[in-house]
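Fold and geometry: a report
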Amino acid sequence: MPTVNKETVIGVRTPSFARIREKKFGKTDNVSAFLEVLPHKYYEENNLHGLLIEQIKDYPSCIAALDRFSSRI
């Protein structure tokens, strides 16, 4: 990740995000609060944010969340 500032990387590995997704964090009430907080400070927060957007089933809501997120990364 040569273009990513090293101070913004915590070091959480991608398989950990898969476990978070498996535990259905995206289905909890906490996810909407997390998705509202932008911009994120850490690289991993951005990765998690993208994975949570991926789980939004309602197309208009997904596109709105994606538009909001992509303008901040």
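A brief report on the enclosed structure follows.

Calculation criteria
Residues numbered from 1 in each chain as written. Predicted model: local features only at pLDDT ≥ 70, side-chain atom pairs only at ≥ 80, totals over all residues. Heavy atoms only, no water. 1 Å grid on protein atoms, 1.4 Å probe; cavity = no way out; pocket = protein on both sides within 12 Å on 5 of 7 lines; lining within 4 Å. Points joined across faces, edges and corners; volume = space filled by probe spheres on them. Helix = DSSP H or I, 4+ residues; strand = E, 2+ residues; numbered from the N terminus. Nonpolar A, V, L, I, M, F, W, Y, C, P; charged D, E, K, R; others polar. Core = buried A, V, L, I, M, F, W, Y, C linked by side-chain atoms within 4.5 Å. Buried < 20%, exposed > 50% of the residue type's maximum accessible area, 1.4 Å probe, protein only. Contact = heavy atoms within 4.5 Å.

As a further point, take the layout of surface pockets. The calculated volume of the largest pocket comes to roughly 180 Å³. Together, 12 residues line the largest pocket, and V31, S32, L35, I56 and A65 are the ones closest to its centre. Every element with two or more residues in the lining of the largest pocket is listed here: helix 2 (30-36), helix 3 (43-54) and helix 4 (59-70). Tallied by class, residues from the lining of the largest pocket come to five nonpolar, four polar and three charged.

Looking now at the nonpolar core. Core analysis: the largest hydrophobic core is formed by 12 residues, namely F17, V31, F34, L35, L38, L48, L51, L52, I53, C62, A65 and F69. Counting residues per element, the ones that place at least two in this core are helix 2, helix 3 and helix 4. Per-element accounting of this core gives the leading share, four residues, to helix 3. Residue contacts for L48: discarding those within four places in its chain leaves F17, I20 and F34.

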